[in-house]
Amino acid sequence: MQHSDKTSTASTTGVVVAEEGKYLYCVADAGERVSLGRIGIEGHEVYTIPYRDICAVVHNCPAQPYQSDDQEVVKAWVTSHQKVVDAIWERWGTVLPLSFDTIIKGELEKSAEQNMKDWLKQEYERFKGKIEKLRGKAEYGVQVFWDPKLVAQNLTQTSPEIRNLDEEIRTKPKGLAYMYRQRLENLVKREIESKADECFKDFYGRIREHTDDIRVEKTKKVEPSLSMIMNLSCLVYRDTYSKLGEELDKINRMKGFSVRFTGPWPPYSFVGGA
Amino acid sequence: MEPTRNSHATLVDLLDRVLDKGLVINADLIISLAGVPLIGVNLRAALAGMETMLKYGMMKEWDERTRAWEREQRQKKVEPICTA
């Protein structure tokens, strides 16, 4: 292994072992140095590294990413990560979470802990700004689905263009009908998109009124029978999320539509960027 | 409607956040995952059959358009509004 040379150099010179790392869970709104017990990934002791009135929440580990082909193992790691972030969130109210497997490394001349402190120092103003913006708020996931078959059915009844084309097809000989069906499919697709567009803008406006900030995420295929037309991460004051819930109820009650409302999550989607 | 965080039903929502998002950190401070297959990718695919709609072609452009529209809205939002 290439690694071993470096290790021996580091340890024989008695400086710092380059392979030492700190697994980083989150930055929190507290300036204490405390141990939170063995609540970390694989039972590691989780503790804080403070700088002024903020701290990094970490455990000690080798400077190697956690990797496994075993899904159960990965699931356990990710769940532990989340539990630590939750515990900190509960304890100190505001957290800036890191994604899974963020490990700060040490260098030959500088320990991982020093690297961590320098990082907190260097980014202090930015982190304070984020903490202020996020105080008292949580992230909620909002996904809106519709049943495309139902929508298409409705469209065939309400769109004169589609209805005309549909009727025309019935009078055509088989060979031509195929071409017409393609035209019909394209037309339905266009109309569905324009309907989705209309719904998206309508819902977006209504949801935005009850949120402090929104991120629009990519839509996903989750179930074959339902299409996701909207996938949002919403930053909301923790004590007013019920207003958002009421608005979502209205959408959920619409025929052919359904809403998934998840959270509260630590504000993962609102800590990126400057 | 009340938000849910039931650990089974929302595992995918959790993974979307814990694996992809969070505070950005200088690349030279952290252990690099370059060249290493990103953890969680297979897990996620296996858990939820989460091929994006993009795979199906259906509404791909639509999805991109709405997100572009939303970015514009956000930019408009931060611009000062003249109320002459």
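Scroll up for the structure.
Residues numbered from 1 in each chain as written. Chains lettered and ligands numbered in written order. Predicted model: local features only at pLDDT ≥ 70, side-chain atom pairs only at ≥ 80, totals over all residues.

Re the overall build of chain A
Using the following cut-off: The helix and strand labels rest on DSSP assignments: H or I over at least four residues marks a helix, E over at least two residues marks a strand, and numbering proceeds from the N terminus. Here the globule rule is a power law, 2.2 Å times the number of residues to the power 0.38, and the radius of gyration is based on C-alpha atoms. Here a residue counts as buried when 20 or more other C-beta atoms fall within 10 Å of its C-beta, as exposed when 12 or fewer do, and as partly exposed in between; the C-beta atoms come from the backbone. By the criterion used throughout, residues are in contact when their C-beta atoms, derived from the backbone, lie within 7 Å.
Counting its secondary structure elements, chain A contains 7 helices and 9 strands. Expected size for 274 residues packed as a compact globule is a radius of gyration near 19 Å; at 26 Å, chain A overshoots this value by more than 25%. In terms of its C-alpha atoms, chain A occupies a principal-axis envelope of roughly 90 × 50 × 30 Å. Split into buried and exposed, the 274 residues of chain A put 38% on the buried side. Put simply, of all contacts in chain A between residues at least 6 apart along the chain, 69% involve residues at least 24 apart.

Points about the interface of chain B and chain A
How we decide: Here the term charged refers only to Asp, Glu, Lys and Arg, the term nonpolar to Ala, Val, Leu, Ile, Met, Phe, Trp, Tyr, Cys and Pro, and the term polar to all other amino acids, Gly among them.
Each partner contributes residues to the interface: chain B has 39 residues there, and chain A has 53 residues. When contributions to the side of chain B that touches chain A are tallied by element, the ones reaching two or more residues are helix H1 (11-20), helix H2 (41-48) and helix H3 (60-78) of chain B. Its residues assigned to classes, the side of chain B that touches chain A shows 23 nonpolar, 6 polar and 10 charged.

Considerations on the environment of Phe261(A)
Structurally, Phe261(A) is set in strand E9 (residues 257-265). Residues Phe261(A) and Leu232(A) lie 29 residues apart in sequence; the distance between their C-alpha atoms is 9.8 Å.

Thoughts on the packing of helix H5 (residues 160-170) of chain A against helix H6 (residues 174-208) of chain A
Residues and elements named next belong to chain A. Note the cut-off: The axes used here are C-alpha line fits, helices contributing only the stretch in contact, and every angle between their N-to-C directions lies in the interval 0 to 180 degrees. Any angle that is under 35 degrees is reported as roughly parallel, and any over 145 degrees as roughly antiparallel; angles of 65 to 115 degrees are reported as roughly perpendicular and all others as oblique. Each crossing is labelled by how the near helix is turned from the far one, with a counterclockwise turn of less than a right angle marking it left-handed and a clockwise turn marking it right-handed.
Look at H5 against H6: their axes get within 10 Å of each other, and the N-to-C directions meet at 165°. Relative to H6, the element H5 is oriented roughly antiparallel. In the crossing of H5 with H6, the sense of the turn from one axis to the other is left-handed. In this structure, H5 uses Glu161, Ile162, Leu165, Asp166, Glu168 and Ile169 to contact H6, whose residues at the interface are Ala177, Tyr180, Arg181, Arg183, Leu184, Leu187, Val188 and Glu191. Along the lines of polarity and charge, the residues of the contact of H5 with H6 split into 8 nonpolar, no polar and 6 charged.

Regarding H1(B)
Residue and element names in this part refer to chain B. Taken across its 10 residues, H1 has 7 buried, putting it largely inside the fold. Within the sequence span of H1, burial applies to Asp13, Leu14, Leu15, Asp16, Arg17, Val18 and Leu19. Count one or two residues on from H1 and you reach Gly22, which has phi positive near 115°.

So, the environment of Thr94(A)
Residues and elements named next belong to chain A. Position of Thr94 among the secondary structure elements: in the loop between helix H2 (71-92) and strand E4 (95-97). Exposure remark for Thr94: the 22 C-beta atoms within 10 Å place this residue in the buried category. Each C-alpha atom of the pair Thr94 and Lys174 lies 66 Å from the other, and the pair is 80 residues apart in sequence. Ignoring anything within four residues of it in the chain, the contact list for Thr94 reads Asp29, Ile131, Leu134 and Arg135.

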